[in-house]
Amino acid sequence: FSAWDLIMPLFLFIVGVAMPFSFSRRLEKGDSRCAMYWRIARRVLVLWVLGMIAQGRLLEFDLARLQFFSNTLQAIAVGYLVAGIALLHLSVAWQVFLTVIVLVGYWLLMLLVPVPGVGIGVFQENANLALTIDQAILGRFRNEASYTWILSGLGFAGMVLTGVLAGHLLRTAWNGYLRCLALFLMGFASLAIGWFWAGGFDGMGGMPFVGTWRFPMIKHLFTSSMVLWAAGWCYLLLALFYLIIDVFQFRRWAFFFVVIGANSIFAYMIVHFIDFSHISNTLLSGLARNLSATGEFGTSVATLLQAMTAYGLLWLLLWYMYRNRTLIRV
């Protein structure tokens, strides 16, 4: 599990963190449950279509190449749907229970349901229950990679729900230091449980069920142990930045990230339509050529400058939108 593997779970986690704030604000304004359900449905639909545009080849207008379920935005949509219904109908205690049920239920399904020609409790890249379900339901519309989506939706829901619990914590009347302490404790607890779940059962001897009790950390399956391991790091990061920004009031340095966060979905989608790397390479082609001529170090510097310029161009576009209060929501 590397920092790269945290990107997708962190997207889902942060969506969950924001949900108790946005839902409570709308309910306090007098929105009915019917209106809230309409909002949930609309957001799920928009996220799903954007996911198909970004990675599902929707705009190729080729049914043979279309991928129905293939993108992080669709994973967010699934988690948002489950967490949204939970926020409307369940108390915080029952939301905690739902999180446990979702993660444990996913584990038990993967552990105990036999797969024809594969067996029970198998987590191989090309042989597992989640992949078999995707192949049976999605067929040729399935993602070409070894990622799974339908049964992994339980993991997506669990990831968003862990963020929801953090959002509830941030809305308590506790002072900032207590909130940070609670987030740190939640982070360490999640890391410990996730680590133990992924391998702690190995030394416990025989078990009454077929196979092993381990639930390996596999991002492509979005397993429950990986959800908790990722959630642990998310809780710790949230605690750290909340402490710095909200408790200590050190905020100016974060403006760079505020600009990105204000239009995060737009930033995620626009790179599929505008090739900022190509623009950067064109602008710096002469400099890059001269730097590369100096040797391997110069080539590395040129590559770094081109990447930074590409991201800088994207940030400038986002900054222009932020300055003009052009905030795109889904």
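Residues numbered from 1 in each chain as written. Predicted model: local features only at pLDDT ≥ 70, side-chain atom pairs only at ≥ 80, totals over all residues. Heavy atoms only, no water.

### Some points on the overall build of the protein
Inference 1: Helix and strand content of the protein: 13 helices and two strands.
Inference 2: The C-alpha radius of gyration of the protein comes to 22 Å, within 12% of the 20 Å expected for a compact globule of 330 residues.
Inference 3: Principal-axis analysis of the C-alpha atoms places the extent of the protein at approximately 65 × 50 × 40 Å.
Inference 4: Counting across all 330 residues of the protein, residues that qualify as buried make up 44%.
Inference 5: Considering only contacts in the protein between residues 6 or more positions apart, those separated by 24 or more positions represent 69%.
Inference 6: Element-wise, carbon and sulfur atoms account for 69% of the exposed surface of the protein, whose accessible area totals about 17,400 Å².
Inference 7: Distance from the positive charge centre (21 side chains) to the negative charge centre (12 side chains) of the protein: 13 Å. (Helix = DSSP H or I, 4+ residues; strand = E, 2+ residues; numbered from the N terminus. Rg over C-alpha atoms; globule rule 2.2 N^0.38 Å. Buried < 20%, exposed > 50% of the residue type's maximum accessible area, 1.4 Å probe, protein only. Contact = heavy atoms within 4.5 Å. Areas by Shrake-Rupley, 256 points an atom, 1.4 Å probe, with all protein chains shown as cover. Lys, Arg positive; Asp, Glu negative; His and termini not counted. Charge placed at Lys NZ, Arg CZ, Asp CG, Glu CD.)

### Concerning a nonpolar patch on the surface
Inference 1: On the surface, Y177, L237, L240, F241, F248, F250, W253, F256, F257 and Y311 cluster together into a nonpolar patch covering about 1,000 Å² of accessible area.
Inference 2: Elements that contribute at least two residues to the nonpolar patch include exactly helix 8 (224-247) and helix 9 (255-262).
Inference 3: Locating W253 in the fold gives a position in the loop between helix 8 and helix 9.
Inference 4: Look at W253 and you get partly exposed, because its relative accessible area is 40%. (Patch = residues over 30% accessible without salt bridge, like charges linked within 9 Å, V, L, I, M, F, W, Y side chains within 5 Å. Salt bridge = Lys/Arg side-chain N within 4 Å of Asp/Glu carboxyl O.)

### Quick notes on helix 6 (residues 153-170)
Inference 1: For helix 6, built from 18 residues, the straight-helix expectation of 26 Å at 1.5 Å per residue is met to within 8% by its first-to-last C-alpha distance of 26 Å.
Inference 2: Taking burial as the measure, the 18 residues of helix 6 include 17 buried ones, the bulk of the element. (Expected span 1.5 Å × (residues − 1).)

So, to be careful, I would describe these as geometric facts and stop short of saying anything about function.
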